[in-house]
Amino acid sequence: MKDACASAGLMPLDDALKQLLAALTPLQASESVAISQADGRIVAQTITSELNIPPADNSAMDGYALRAEDGRAGNELRLVGQSFAGHPYSAVVQPGECVRIMTGGQLPAGADCVCMQENVSVDGDLIRLTQAVKAGSNVRYAGEDISRGALVFEAGRRLRAADIGLLSSLGIADVRVKKRIRVALISTGDELKKPGEVLQPGQFYESNGYTLAALLTRFGAEVLEFGIVADDLQQLTQVFTQADQQADVVITSGGVSVGEADFVKTVLQSLGKIAFWKLAIKPGKPFAFGLLANSYFIGLPGNPVSALVTMHQLGLPMLSKIQGENARVPLRLSASAGCDIRKAPGRTDFQRGIYHTTDDGRLQVVTTGSQGSGVLTSMNRANCYIILEQMRGSVAAGESVTIEPFDGYIG
Ligand SMILES: Nc1nc2c(c(=O)[nH]1)N[C@H]1C(S)=C(S)[C@@H](COP(=O)(O)OP(=O)(O)OC[C@H]3O[C@@H](n4cnc5c(N)ncnc54)[C@H](O)[C@@H]3O)O[C@H]1N2
Ligand code: MOO
């Protein structure tokens, strides 16, 4: 049977992604930032620990530190001092003695276990154990979390909240991170206006520039906004040239199809080189990737959903690699279709879906309704893509489908 896709000259998404990633060189430039400013940044060098965490053996409970040989139930011990967090006991705990200790308090020399206070009875300075304790009970050992010299982060990690706390606990005040990738955004089209402007007949308010700027900001890029450029070869050439000089990546939306005002490819061909164009995905077919003199280029289709889907599936992995981030593997799960889903074989569909867990614990997904590539609300209502393989046809309710829950960039 003839491959519908091959005959249409469309490149499968996986091939496009491989080819695109193989063409990229990660940026090398890095800078040092205070850890309070480092959330979401990409670590530029291996980080190892110069400390043990915790720094010393300490108690996991409020109670009494003692020697395990004294830990029999019913044993009576003499209270000789206290060890509170930040105020250790300086002598050595002798046989028959115990020390009052609070959670986080340093375990005194001589002691090797902690009896929690619920398991003793107190009579003045005499502490009677009502339950036995063993060596190591309720003790957090030095270096148990991180030992001195251990690898903490490899280069390429995107820092998260807990990572910032970890760096702080290691006494690291500044961290070397990759410089933010600079991304130029250009919306093309005579019909487009910015919110706040007055619409003339045939015009409407653009969305792609704003959607993409928000997504790129969340990603951690420095966004260079070139605004709306008319469908005019000369103007486009001028703006492309400027964008190429200032950015690491130039992203356009619109004007990349086959219409008479679709000049993006023409400009790209005159200023650089098109690596590929037209993918077997829906929406997002007329996606283009290429190289300008100084920067990489991606041309997203103008339809708002097509622009978002291609940005998410191809643009973000591309930016990640250039930014030096470790590869992100999208979470893909099986769910049962909660409704019939229309699909024509030939392209991989990224339909917009809403998934939930049924009462018996299964994942079920329904579409958001109209799947037109100009229906931006299909994206707003969704919490996942429903990914329908290239040669698959329509899906009946109850069949299994693949879903990709939205991540923090898109959802
Ligand atoms: N004869 C053919 N026509 C089309 C084909 C094709 O293969 N043969 N492909 C269709 C597909 S699929 C798509 S997707 C679109 C993409 O076209 P372009 O990338 O050239 O985009 P435009 O024509 O400029 O715009 C399409 C659509 O999107 C609106 N738009 C554009 N920019 C924005 C923006 N910044 N914010 C909001 N909306 C935007 C624009 O007004 C159009 O309605 O081509 C099909 N045609
Ligand atoms: O590929 Mo277009 O994005 O189907 O509408």
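Residues numbered from 1 in each chain as written. Chains lettered and ligands numbered in written order. Predicted model: local features only at pLDDT ≥ 70, side-chain atom pairs only at ≥ 80, totals over all residues.

A. Seen up close, helix α3 (residues 161-169). Within α3 the residues assigned to the buried category are Asp163, Leu166 and Leu167. The buried side chains of α3 occupy one side of the element, clustering within an arc of 100 degrees when seen end-on. When the buried face of α3 is taken as reference, the exposed residues oriented beyond 90 degrees from it are Ala161, Ala162, Gly165 and Ser168. Buried positions along α3 lie against β11 (151-153) and β12 (174-178). One or two residues past the end of α3 sits Gly171, with phi positive at roughly 80 degrees. (Buried ≥ 20, exposed ≤ 12 C-beta atoms within 10 Å, placed from the backbone. Helix = DSSP H or I, 4+ residues; strand = E, 2+ residues; numbered from the N terminus. Arc of directions from axis to C-beta. Contact = placed C-beta atoms within 7 Å.)

B. Quick peek at the pairing of strand β22 (residues 333-337). Alignment of β22 against strand β26 (residues 400-405), held across 4 bridges, turns out to be antiparallel. The partner of Leu333 across the bridge, within β26, is Ile403. Note: β22 against strand β24 (residues 363-367), 2 bridges, orientation parallel. Bridged to Ala337 within β24 is Val365. (Pairing = 2+ DSSP bridges.)

C. Focus on the domain arrangement of the protein. According to the domain assignment, the protein consists of domain 1 (4-29 + 180-323), domain 2 (30-53 + 145-178), domain 3 (58-140) and domain 4 (333-405). One C-alpha centre belongs to domain 1, the other to domain 4, and the line joining them spans 26 Å. Those elements that place two or more of their residues in the side of domain 1 that touches domain 4 are α1 (4-8), β19 (281-282) and α7 (304-323). Here the residues of the side of domain 1 that touches domain 4 are counted per class, giving 13 nonpolar, 4 polar and 2 charged. (Domains from an automatic or database assignment. Nonpolar A, V, L, I, M, F, W, Y, C, P; charged D, E, K, R; others polar.)

D. Geometry of the sheet that holds strand β6 (residues 97-101). Strand order in the open sheet made by the 6 strands is β7-β4-β6-β5-β9-β8, with mixed pairing throughout. Strand pairing shows two members of the sheet lacking a second neighbour, β7 (113-116) and β8 (120-123), which therefore form its edges. Recorded for the sheet is a direction-independent mean angle of 40 degrees between the axes of neighbouring strands. Sheet topology note: the strand β5 (residues 76-83)/β6 ladder contains 5 bridges and is parallel. Within β6, the position partnered with Arg78 by the bridge is Glu97. (Axes fitted to C-alpha atoms, helices over the stretch in contact; angles between N-to-C directions.)

E. Molecular detail of the site of ligand 1. Residues in contact with ligand 1 amount to 26 residues; listed here are only the nearest, Asn208, Gly254, Ser257, Pro301 and Gly302. Where the shell around ligand 1 is concerned, the elements lending two or more residues are α4 (208-219) and α7. Tallied by class, the residues present in the shell around ligand 1 amount to 7 nonpolar, 15 polar and 4 charged. (Near = placed C-beta within 6 Å.)

F. Here's a closer look at the UniProt feature "domain: MoaB/Mog" (unreviewed entry) in the protein. Annotation from UniProt places "domain: MoaB/Mog" (unreviewed entry) at residues 184-321. The annotated region residues 184-321 carries 38% helix and 28% strand content, and the separation between its end C-alpha atoms amounts to 17 Å. (UniProt positions renumbered as here; feature names shortened; annotations may be inferred.)

G. Unusual backbone geometry, seen in detail. Following Ile53, the chain continues to Pro54 via a peptide bond in cis, the omega torsion being -5 degrees. If you trace the backbone, Pro54 turns up in the loop between β2 (47-48) and β3 (58-59). The omega angle of the peptide bond from Lys282 to Pro283 is -5 degrees, so this bond is cis rather than trans. In this structure, Pro283 sits in the loop between β19 and β20 (288-291). For Asn138, which is not glycine, the phi torsion reads 60 degrees and is therefore positive. Examined against the element boundaries, Asn138 turns out to sit in the loop between β9 (126-129) and β10 (139-140). With 21 C-beta atoms packed within 10 Å, Asn138 lands in the buried category. A positive phi angle is found at Lys278, which is not glycine, with a value near 80 degrees. Relative to the assigned elements, Lys278 resides in the loop between β18 (273-277) and β19.

H. A look at the packing of helix α5 (residues 233-246) against helix α6 (residues 264-271). Two numbers describe how α5 lies on α6: the axes approach to 10 Å, and their chain directions differ by 55 degrees. One finds that α5 runs oblique with respect to α6. Here α5 and α6 pass one another in a crossing that is right-handed. Contacts between α5 and α6 involve Leu233, Leu236, Thr237, Phe240, Thr241 and Asp244 on the former and, on the latter, Thr266, Val267, Ser270 and Leu271. A per-class count over the contact of α5 with α6 returns 5 nonpolar, 4 polar and 1 charged. (Parallel < 35°, antiparallel > 145°, perpendicular 65-115°, else oblique. Left-handed = near helix turned anticlockwise from the far one by under 90°.)

I. Structural detail: the sheet that holds strand β13 (residues 182-188). Ordered in space as β16-β13-β17-β21-β20-β18, the 6 strands form an open sheet in which the pairing is mixed. Of all the strands in the sheet, the pair left with one neighbour each is β16 (222-229) and β18. Averaged over all pairs of adjacent strands, the angle between their axes in this sheet comes to 20 degrees, without regard to strand direction. When β18 meets β20, the two strands line up antiparallel, connected through 4 bridges. Looking at β20, one finds that Lys273 is bridged to Leu291.

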